[in-house]
Amino acid sequence: MATPKVNDLQAFLAVAREQSFTKAAARLGVTPSALSHTLRALEERLGLRLLARTTRNVAPTAAGERLMQAIAPLFEQIAAEVEALGALRDKPSGSLRITCTDDQIELCLRPLLAQFLEDYPDIRLELYVDYGFTNVVEERFDAGIRLGEAISKDMIAVRIGPDWRLVVVASPGYFARHAPPQTPHGLTQHRCINIRHRPSGAIYAWEFENAGQAFTVKGEGPLVFNSIMHVLNAALDGLGVGYVPEQLAAPHIAAGRLQCVLQEWSPRFQGYHLYYPNRRQASPAFQAFVEAVRYRGEQ
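Below is a short write-up of the structure.

1. Examining the overall build of the protein chain
- What the protein chain contains, in helices and strands, is 9 helices and 15 strands.
- Each of the three principal axes of the protein chain carries a C-alpha extent, and together these read 75 × 50 × 35 Å.
- Across the 299 residues in the protein chain, those meeting the buried criterion constitute 43%.
- Carbon together with sulfur atoms contributes 51% to the accessible area of the protein chain, which is approximately 16400 Å² in total.
- Averaging the coordinates of the 31 positive side-chain charges in the protein chain and doing the same for the 31 negative ones gives two points 5 Å apart.

2. Looking at the packing of helix H1 (residues 6–18) against helix H3 (residues 32–46)
- In the contact formed by H1 and H3, the axes pass within 10 Å of each other and the chain directions differ by 115°. Between H1 and H3, the interaxial angle falls into the category roughly perpendicular. Considering only the axes of H1 and H3, their crossing is left-handed. Contact with H1, carried on its side by Asp8, Leu9, Ala11, Phe12 and Val15, involves Leu35, Thr38, Leu39, Leu42 and Arg45 of H3 and no other residues of that element.
- Each residue belonging to the contact of H1 with H3 can be placed in one class, and the counts come to 7 nonpolar, 1 polar and 2 charged.

3. Regarding the packing of aromatic side chains
- Under the counting rule described, the total for this entry stands at 11 aromatic pairs.
- Taking 5.6 Å as the distance between ring centres and 40° as the angle between the ring planes, the aromatic pair formed by Tyr128 and Phe141 counts as tilted. In this pair, Tyr128 is assigned in strand S4 (residues 123–129) and Phe141 in the loop between S4 and strand S5 (143–147), connecting sequence segments 13 residues apart.
- For Phe141, a relative accessible area of 9% corresponds to the buried category.
- Where Phe215 meets Trp265, the ring centres are 6.3 Å apart and the plane angle is 85°; that geometry is what we call edge-to-face. Of this pair, Phe215 sits in strand S10 (residues 213–217) while Trp265 sits in the loop between strand S13 (259–261) and strand S14 (268–269), and the two are 50 residues apart along the sequence.
- Given a relative accessible area of 16%, Trp265 falls into the buried group.
- Each member of the aromatic cluster is reached from another via a ring pair, and the members are Trp206, Phe208, Phe215, Tyr243 and Trp265.
- The lysine or arginine in question, Arg97, covers the ring of Phe141, its NZ or CZ lying 4.1 Å from the ring centre.

4. Considerations on the sheet that holds strand S6 (residues 155–159)
- Spatial strand order, S4-S3-S5-S15-S6: 5 strands in an open sheet with mixed pairing. Every other strand in the sheet has two partners, leaving S4 and S6 as the edge strands with one partner each. Direction aside, neighbouring strands of the sheet carry axes that sit 30° apart on average.
- As paired strands, S6 and strand S15 (residues 272–277) are joined by 5 bridges and run antiparallel to one another. Following the sheet pairing, Met155 is matched in S15 by Pro277.
- The sheet strands contacting helix H5 (residues 102–119) are strand S3 (94–100), S4, S5 and S15, and the helix crosses S4 at an angle near 170°.

5. A look at the pairing of S4
- Bridge analysis of S3 against S4 gives 7 bridges, and the strand direction is parallel. In the sheet register, Leu96 faces S4, and the bridge partner there is Leu125.
- Following the chain from S3 across H5 to the adjacent parallel S4, one finds a crossover that is right-handed.

6. A look at empty space enclosed by the protein
- One pass over the full model with this rule turns up 1 cavity of 30 Å³ or more.
- Each pocket or cavity is described by its volume, and for the largest cavity that value is around 40 Å³.
- What lines the largest cavity is Leu109, Leu112, Leu113, Phe116, Leu125, Phe289, Ala292 and Val293.
- Mapped by element, the contributors of at least two residues to the lining of the largest cavity are H5 and helix H9 (284–293).
- Looking at side-chain class alone, the lining of the largest cavity contains 8 nonpolar, no polar and no charged residues.

Reading the values: the criteria
- Residues numbered from 1 in each chain as written.
- Predicted model: local features only at pLDDT ≥ 70, side-chain atom pairs only at ≥ 80, totals over all residues.
- Heavy atoms only, no water.
- Helix = DSSP H or I, 4+ residues; strand = E, 2+ residues; numbered from the N terminus.
- Buried < 20%, exposed > 50% of the residue type's maximum accessible area, 1.4 Å probe, protein only.
- Areas by Shrake-Rupley, 256 points an atom, 1.4 Å probe, with all protein chains shown as cover.
- Lys, Arg positive; Asp, Glu negative; His and termini not counted.
- Charge placed at Lys NZ, Arg CZ, Asp CG, Glu CD.
- Axes fitted to C-alpha atoms, helices over the stretch in contact; angles between N-to-C directions.
- Parallel < 35°, antiparallel > 145°, perpendicular 65-115°, else oblique.
- Left-handed = near helix turned anticlockwise from the far one by under 90°.
- Contact = heavy atoms within 4.5 Å.
- Nonpolar A, V, L, I, M, F, W, Y, C, P; charged D, E, K, R; others polar.
- Phe/Tyr/Trp six-rings, centres within 6.5 Å; stacked < 30°, edge-to-face > 60°.
- Lys NZ or Arg CZ within 6 Å of the ring centre and 35° of its normal.
- Pairing = 2+ DSSP bridges.
- Right-handed = clockwise from strand over helix to strand, strands pointing away.
- 1 Å grid on protein atoms, 1.4 Å probe; cavity = no way out; pocket = protein on both sides within 12 Å on 5 of 7 lines; lining within 4 Å.
- Points joined across faces, edges and corners; volume = space filled by probe spheres on them.

Scope: geometric values only; no functional claims are made or implied.
This is how it looks when you write it as C-alpha cells:
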C-alpha cells in the first residue's frame, strides 16, 4: 500500500470536518471537482472507503472516522509548533481567526484595529461574522466573542467591553406616524424589526425587566435579519422599531436620527468576553491580541 501524501490527508481532514466538498474546497482554495478527485485517489491507494457520499452531504465512514481521530491531533500539533516559531522573530506574527458578530466588531474591536495593526504589522486578523454561536474548537478558530454569562466553564474568558443594554429605537418619522409605546407590551402594536441568530433558531424575544422581574415581548414585523447592524439601519430608514445596543444607537440619538423609548425597562447584560479553549497554546501573536483587546475600565 502506497504511503498517502500529506496534502491528501489534509484534504481528507477538510472534507471530513466540513462534511461538504464545496465548503472544504473553498477553505483549501481548490475546486470541488479537484478535491473529489484527490479523495477518490486517496481511497484507491488505501484500499478503503473513507467518505460516505450522498446527493446532500458527505460523512466519514468508520475507517474515515478512525483516520480522522488519529491524524487530526498531529496536524494540530504541527500547526501549533509552526505558529510558535513566531517567538523567534523580532515581532509577533501569524494569522488569528476570531468568530464574532458585526456589532461586537463595531463596539469592541474596530476602535482598536488601527493601532493594533500598526503595532503588529506581521499579524493577520480574520474576523468571521457569525450569529450562530460557532463552536471555536470544531471550527478551528483561535477564539470567539460572547457575553460573559454565555461562555462554558471549560473556556478561558477575557472581558473586552463594559456591561451594556439594548434600547428600543425608531426614527422620528416613524414615531410621528405611530405613537411611541408606553410599556414594552405596547410593542405588539408596532412594526418590530426582529433578529434570528441562526436559520434553525427562533426569532429573538425582546428581553425587559420591571421591579426585578424579567419578561419578554415578541413583536411582529415585516423584517427579520441575522445582523444587528441591519436592524439598526432599518430603524434609521423609518421601517419600524428596533432593539439594538445602546452604544450603537447613541450617536444617532444624539444627532436626532433616532428616538429612544422604554429605557427604564431595559436590563443590563454582562460585557462581551473573548473566549478560547484552556488547552490552547498561546502564541506571541495571540497573546498580543488578548492584551490589546482586554477591557481595562473607562479610560
